[in-house]
Amino acid sequence: CPSTLRKVCVSTKTMKFEDLITEINGFGRFQKMILCISFVGRFTLPCHFLLSNFIAAIPSHHCDISSLDAEGIFGNLSREQKLTVSIPAQEDGTPASCHMFSYPQFHLLTNSSSSSELPVVQCQNGWEYDNSTFSSTLATQWDLVCDKKGLNKAVTTIFFVGVMFGAVFFGGMSDRFGRKPMLLVSYISGMAFTLASIFSTSFIMFAVLRFFSGFTITGIVIVSVVLNVEWVDIQHRRLVSITGSMAWAVGSTSLSLFAFCIRDWRWLTVAVTSPLLLSTVLWWWVPESARWLIANGRVEKAHYYLHKCAVMNRKEEVISRIKPEALSIIASDEGKKNYSYLDLVRTPKMRRLALLTGTIWFCVATMTYGISLNITGFGLNMYLTQFVYGAIEVPSKLIVYYLLEKIGRRKTEAGAQLLAGISLMINIFIPKDQWVGRTVVAVLGKGFAVAAFCTIVLYSSELYPTVLRQNGMGYNSFLGRLGVCLAPLVLLLDSFWGHFSQTILCSVALIASVVAWQLPETRDRCLPETIEDVEGTHNRAHGSTGCPHAAENRENTAHY
């Protein structure tokens, strides 16, 4: 065997995909191409996930009194005088949003006494909206105000319920049919349902289409995250994970700019969906995961993509000496089985792993979106708050990139959760009139939350075996999106006590920090290929794993 291939063909017992991908350059031009293509698709995800901050916003409004004006009741009164005699004033002096006087109170023009004792009724002829900030939103489109204002929050929850079930669907389908075809399904169907929603003729129709938009678009992140990790070597997994997650930071920041320039909810939806058209074109250059193909016994196709990788990375001489039949050494009999979500709980260590990672995903998602969806609670302009929330992700992820190598995945995840919880705790004790201090602490909390989310995505993809990696990510994403669905409802609890939501978000962050300490470290470890690798039975039955870090992996397996 040539010396350059010694790692991949010393014997049938030592051949591992990790060795092979290293030989053909584990982070060459081929991997960078995959990363760039996935970046385009992932860019649009934060725009959709946080879109309701703008399209479901409720502008200032008051009862429409134009019918009274048309009847000539007001005579020559100015606009301010018409509002004074028709609508009771709130404590801040602005017209009430949901009530009007049962009949005009002309005496209020000369008597400044309180109008709180005067008879009022609910708005009789609709509402008049302040269009200085938004030209059109869901609230103005279907009058989702006053008794119906909760439907604006429901839009967010409905979307994330779709995301939640979509995560399970795409996770399972990607493990069954492959990463590449399901990525195309997500691109096309996500774009179709989202664009169809702007033609909705009723709120119910919009809500249904928004559900399916969330269901389909979530496949982009579920598939692309795993595809990126499965094509790189051990040394570059964190780089690929952090670089890919920068698409979220760019998208989140860009959303504020899109929303500032486009004030109509329909055109804003079109704008943030348009990158998917480019992603669909670029999909033709996306390779299938060779790791998945080998695990499923499709070695001919795996050899085809590995050859393309070697050619692009200028390592063609390496792959030319390896025949497709040799790749079957990597594919065990267990790897050819069809796996399902039930396999996550059939064996003890997989069951424990699913419980721990699922808890962390639920907690970190609840906390992160609880912060992200609250862009009007700190006294700053909502566009500026969204921009700052997005911008803080860049330094946060750069720090994570450094820490993942220096202190490992487990300490980074647990530490980020702990600091996020402390930030939320501090905000409970800062008076609400000190909005500068509250905003600074909230932004820091968002940064720590993003660091935790970024870490757990990479961490989870390294913990689950190849044959169950998409199922594992789908399961975790399901629980994460369940937390996101609850985040808008958690924010509503502030109506009972001003710090209720902050207390809950702080608690879940601290719980996640404790749970994260129970996971095994994966820094510089080979990815597990089968359930036996996780359970620790593979080595005993078949000898060495052939991983360059086999001894460390055995120690890691014991921690599972």
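One structure accompanies this document, and this report is about it. (Residues numbered from 1 in each chain as written. Predicted model: local features only at pLDDT ≥ 70, side-chain atom pairs only at ≥ 80, totals over all residues. Heavy atoms only, no water.)

## What to know about empty space enclosed by the protein
- Evaluation of the coordinates by the stated rule reveals seven cavities of 30 Å³ or more.
- Of the voids in this model, the largest cavity is the one considered here, and its volume is about 410 Å³.
- Residue lining of the largest cavity: 24 residues in total, with Arg42, Val221, Trp248, Phe453 and Val457 positioned closest to the centre.
- Put simply, the parts of the chain that give the lining of the largest cavity at least two residues each are α11 (219-230), α12 (237-261), α19 (348-372), α21 (393-406), α23 (435-463) and α24 (469-492).
- A breakdown of the residues in the lining of the largest cavity according to their chemical character gives 13 nonpolar, six polar and five charged. (1 Å grid on protein atoms, 1.4 Å probe; cavity = no way out; pocket = protein on both sides within 12 Å on 5 of 7 lines; lining within 4 Å. Points joined across faces, edges and corners; volume = space filled by probe spheres on them. Helix = DSSP H or I, 4+ residues; strand = E, 2+ residues; numbered from the N terminus. Nonpolar A, V, L, I, M, F, W, Y, C, P; charged D, E, K, R; others polar.)

## Overview of the nonpolar core
- Formed by 130 residues in total, the largest nonpolar core has its most connected members in Leu138, Trp231, Leu306, Met367 and Tyr369.
- A domain split of this core shows at least three residues from each of domain 1 (14-51 + 149-336) and domain 3 (339-532).
- The contacts of Trp231, once residues within four sequence positions are left out, are Ile21, Gly26, Phe30, Gln31, Ile34, Pro287, Glu288, Ser289, Ala290, Tyr305, Leu306 and Cys309.
- Residues Cys63, Ile65, Ala96 and Met100 belong to the second largest nonpolar core, which totals eight residues. (Core = buried A, V, L, I, M, F, W, Y, C linked by side-chain atoms within 4.5 Å. Buried < 20%, exposed > 50% of the residue type's maximum accessible area, 1.4 Å probe, protein only. Domains from an automatic or database assignment. Contact = heavy atoms within 4.5 Å.)

## Looking at the packing of helix α3 (residues 29-49) against α12
- Put simply, α3 and α12 touch, their axes get as near as 7 Å, and they point 45° apart. Overall, the two elements α3 and α12 adopt an arrangement that is oblique. For the pair α3 and α12, the sense of crossing is right-handed.
- For the contact of α3 with α12, the class distribution of residues is 14 nonpolar, six polar and one charged. (Axes fitted to C-alpha atoms, helices over the stretch in contact; angles between N-to-C directions. Parallel < 35°, antiparallel > 145°, perpendicular 65-115°, else oblique. Left-handed = near helix turned anticlockwise from the far one by under 90°.)

## Thoughts on the environment of His48
- By secondary structure assignment, the location of His48 is in helix α3.
- Using a relative accessible area of 1% as the deciding quantity, one classes His48 as buried.
- For the pair His48 and Val272, spaced 224 residues apart in sequence, the C-alpha to C-alpha distance is 7.1 Å.
- Setting aside its immediate chain neighbours within four residues, His48 contacts Phe159, Thr194, Arg210, Ile217, Val272 and Thr273.

## Quick look at a nonpolar patch on the surface
- Judged by side-chain polarity, Leu278, Val281, Trp284 and Trp285 come together as a nonpolar surface patch covering roughly 480 Å² of accessible area.
- Mapping Trp284 onto the fold places it in the loop between α14 (275-282) and α15 (290-295). (Patch = residues over 30% accessible without salt bridge, like charges linked within 9 Å, V, L, I, M, F, W, Y side chains within 5 Å. Areas by Shrake-Rupley, 256 points an atom, 1.4 Å probe, with all protein chains shown as cover. Salt bridge = Lys/Arg side-chain N within 4 Å of Asp/Glu carboxyl O.)

## A few points about the state of the cysteines
- Scanning the entire structure with this criterion turns up two disulfides.
- Covalently, Cys63 is tied to Cys123 through a disulfide, its sulfur atoms 1.8 Å apart. The sign of the S-S torsion, about -70°, decides the handedness of the disulfide formed by Cys63 and Cys123: left-handed. Placement of the pair is Cys63 in strand β1 (residues 61-63) and Cys123 in the loop between β3 (120-122) and β4 (127-129), with a sequence separation of 60 residues. With respect to burial, Cys63 and Cys123 carry one shared label: buried.
- Across the disulfide from Cys98 sits Cys146; the S-S distance is 2.0 Å. Taking the sign of the torsion about the S-S bond as the criterion, the disulfide between Cys98 and Cys146, at about -100°, is left-handed. Taken together, the positions of Cys98 in the loop between α6 (79-86) and β2 (99-101) and Cys146 in the loop between α7 (138-142) and α8 (150-177) put the pair 48 residues apart, joining distant regions of the chain.
- We classify Cys98 as partly exposed; its relative accessible area is 22%. (Disulfide = S-S within 2.5 Å.)

## Details of the pattern of salt bridges
- The tally for this structure, following the rule as stated, stands at six salt bridges.
- Its salt-bridge partner being Arg179, residue Glu230 comes within 2.7 Å of it at the nearest N-O pair. Of this pair, Glu230 sits in helix α11 while Arg179 sits in helix α9 (residues 179-197), placing them 51 residues apart in sequence. Here Glu230 matches Arg179 in class, with each residue buried.
- Connected via shared salt-bridge partners are Arg179, Glu230 and Arg469.

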